[in-house]
Amino acid sequence: MSNQPTILVVDDEQPILRAMRTILGQHHYRVITASSGAEGLALATASMPDVIILDLGLPDLDGKEVCKQLRSWTQIPVIILSVRDNDSEKVGALDNGADDYLTKPFSVDELLARVRVALRHHSLMQGAKTSIVQSGDVTIDLAKHVVTKKGEDVKLTATEYKLLAYLASNAGRVLTYRVILSNVWGYGEANQMEYLRVYILQLRRKLEENPRRPRMIITETGVGYRFIS
Amino acid sequence: MKVQPVFPQIFIRVLLAGCAIVISSVVFVSLRGFLSTSVIALLYLLVVVFCTTLGGMISGIAASVLAFFTFNYFFLPPLNTLIVAHSQDIIAMFVFLTVAIVISNLMGRAQIRLEQIQIREREASHLFELSSSLTTIRDEKQIAEILAQNLRDVFLAELVEVKINLDFPNTDCEDVHCVHIRLPENAALDDAYKQSQVLTTNRGILGEIRLWTSNPSLTHSESRLLKTIASQAALAVERAMLANAENRAKVLEESDRLKTAILSSVSHDLRTPLASIQAAASSLNDRSITLEPDARCELQSLLLEQTEHLNQLVGNLLNMSRIEAGALKLQKQWNSLSDLIDTAVEHMRSQVTQHILEVDVSEDLPLIQVDAILIEQVFFNLISNSVKFAPIGSRIIIRAVVQDPEMMQITLINQGPEIPEEHLEHIFEKFYQFPGMKQESSTGLGLSICKGIVEAHGGKIWAENSSAGLTFGFTLPIEKSGVLITLEEEMSNTEVEKRKEYRTYE
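Predicted, not measured: the structure shown is a model, and the values here were computed from it.

## Observations regarding helix α1 (residues 14–26) of chain A
Residues and elements named next belong to chain A. For α1, with 13 residues, the first-to-last C-alpha span of 18 Å sits near the 18 Å given by 1.5 Å per residue. Within the span of α1, buried status applies to I16, L17, M20 and L24. Each buried residue of α1 lies within a common arc of 95° when the element is viewed along its axis, so the set occupies one face. Facing away from the buried side of α1 by over 90 degrees, the exposed positions are P15, R18, T22 and Q26. With its phi angle positive at about 65°, H28 sits one or two positions after the end of α1.

Right under this line is the structure:
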């Protein structure tokens, strides 16, 4: 198949590359691999993959740096692979434009789900920008600034709407606290987590079927939030 | 202490003696008819003693000489001349002079010695205070502060500087490895004189003291005092260094002991899942026999289970070693406890299939500043602990309440078997086991990790057998949020609503 999506896997551990090649290959993805950050960046430019899976803790470049360099010229979705003890590097990479993360060890189901979300998000980004985002019963019309739940208008305050619109227009991506705060509230308040917590609680109360088991605005513990569309 | 010029002082003392003799002579002359010459001589001696007491040796000697002449002039015949008629009187006069001089000399010396003793005593009590305030201190900065304050008080110095080198034996004192105290912090040093004294012990130079005083030089006793203070301070610094070194050694020893314990206990725990993984994988890989579908399924799920177990074990070990090494860096952020618990419970759904997990935590609890990933780990460990020990089908209940304005109390209650009272406080220790405890699939680390994380947040953790079931409780401090959020305020005029109105009129 010529139109099968290409996935670039950057990891310095050969067993991981071997497993990825086999597993993703079995699911009809074309897999290319790189074992260093520099090689990964070069391959990304040369073969324009649809998704990049990037391991943190590469021998030559740190993940944050790779993300920054990639984001300087492309919006290709980047999924971070991290181990549990480098949470801060993971958040750093997400702050710098990575879309999603997986914590090693991960199951194949998780991996495939993340790849699918990333591909969908990417194709949405490339196509005509949709102004309507749907998530469960909730419809957000980004052009008309209208939010409805089961067809009925939902009253949102200006800030609630701004936050929801930002999350919805980045559906599928993991958005870190810093990224959300600086995009919705502006840089001055990038450390005012309390606002974000309270507004998310408000949004869930107004929009989620069961605010205690959210299906639309998901908490990524210690990292940020993810909007599921 | 300002030193007065020497000449006026002598002059004043001699003047004192002169005055005393003139006044007493006037009195004695008026009493000439009533008292015998020998009584007058004795009275003069009394005046000499008086002068010595008040003005020291110089006054005493001056008074002796003056008394010698006035006694001769007014009282020895022929009167009102310095001529002496009887040779006996000449002897008496010289005896008088000698006795007077000897008395003033002895008394003067005694006085000087008394002064010296008083100075010594002040020094001694001062040093005693300094040393007793330094003995209990193990922190170089505090030592330097006490020392600086002390030096300033004793020497009335205009500026005191104390430097203590922390990075011993590296002697060049960069600011990073140095405690540097200046008292007062911004003083001008234009016309002051500097004295300095290094702090040394037999290990080498540990620091330096510098004083700026208004006197050009210290007196002998002052410089001796400075040296003594310096050597006491050096000892205190050395003691602090040794105590720190001892603490480090203790920590190392403890961590070494722990590592040995972990190694021995874990090598067994690691090998068990590894053995089943290897067995399952090699039979799946064996092409010489065809496995029946059921057997194949069984081996595959065994592989999954055992890798998951191994993963948990390694994760626990990693957490434990970070807690033990004190390397647990809390990434504290404002978190909603209800959201945190809901997410943790959501993540555990797949593992909690045979128990009923209930969360009774209000969304309106105050936000708390915690490391969300670590607190989530506490819930993981407590829940998976409950799943392991509580009977199938029983309920696991999580509750949280604001215990007092400064503490949030979280409890997890399960229907697991009671833990004997004497073991309750020990179950948070690493690898703790008690008779009758189910041991399978326990790493012996889960609860001690919880303890480490909760304590790192400034809370405490405990377990108790209550009427509701086996209860694990822990507290987390509530800090005041700097932001008061008034959501309702914003509701009145919002962009969204305005836009909607326009739409209606279009």
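The structure having been displayed, the exposition proceeds.
## Re the environment of I32(A)
Residues and elements named next belong to chain A. Take I32: it is sitting in strand β2 (residues 30–34). By relative accessible area, which is 15% here, I32 ends up buried. Sequence separation of I32 and I7 is 25 residues, and the distance between their C-alpha atoms is 6.3 Å. Excluding residues within four positions of it along the chain, I32 makes contact with T6, I7, L8, V9 and S47.

## Some remarks on the packing of aromatic side chains
Residue and element names in this part refer to chain B. Inspection of every chain in the model, using the stated rule, returns 14 aromatic pairs over all chains. Aromatic pair F68 and F69: ring centres 5.1 Å apart, planes at 75°, arrangement edge-to-face. The exposure class of F68 is buried, given its relative accessible area of 8%. One aromatic cluster is present, formed by F28, Y44, F71, Y73, F74, F75 and F96 through successive ring pairs.

## Remarks on unusual backbone geometry
Residues and elements named next belong to chain A. Following K104, the chain continues to P105 via a peptide bond in cis, the omega torsion being -10°. Among the secondary structure elements, P105 is positioned in the loop between β5 (100–103) and α5 (108–126). A positive phi is found at H28, a non-glycine position, where the angle reads about 65°. Locating H28 in the fold gives a position in the loop between α1 and β2. Since its relative accessible area comes to 52%, H28 is described here as exposed. Unusually for a residue other than glycine, H145 sits at a positive phi of about 60°. By the element assignment, H145 lies in the loop between β7 (138–141) and β8 (146–149). Judged by relative accessible area, which is 22%, H145 ranks as partly exposed.

Thresholds, definitions, all that
- Residues numbered from 1 in each chain as written.
- Chains lettered and ligands numbered in written order.
- Predicted model: local features only at pLDDT ≥ 70, side-chain atom pairs only at ≥ 80, totals over all residues.
- Heavy atoms only, no water.
- Helix = DSSP H or I, 4+ residues; strand = E, 2+ residues; numbered from the N terminus.
- Expected span 1.5 Å × (residues − 1).
- Buried < 20%, exposed > 50% of the residue type's maximum accessible area, 1.4 Å probe, protein only.
- Arc of directions from axis to C-beta.
- Contact = heavy atoms within 4.5 Å.
- Phe/Tyr/Trp six-rings, centres within 6.5 Å; stacked < 30°, edge-to-face > 60°.

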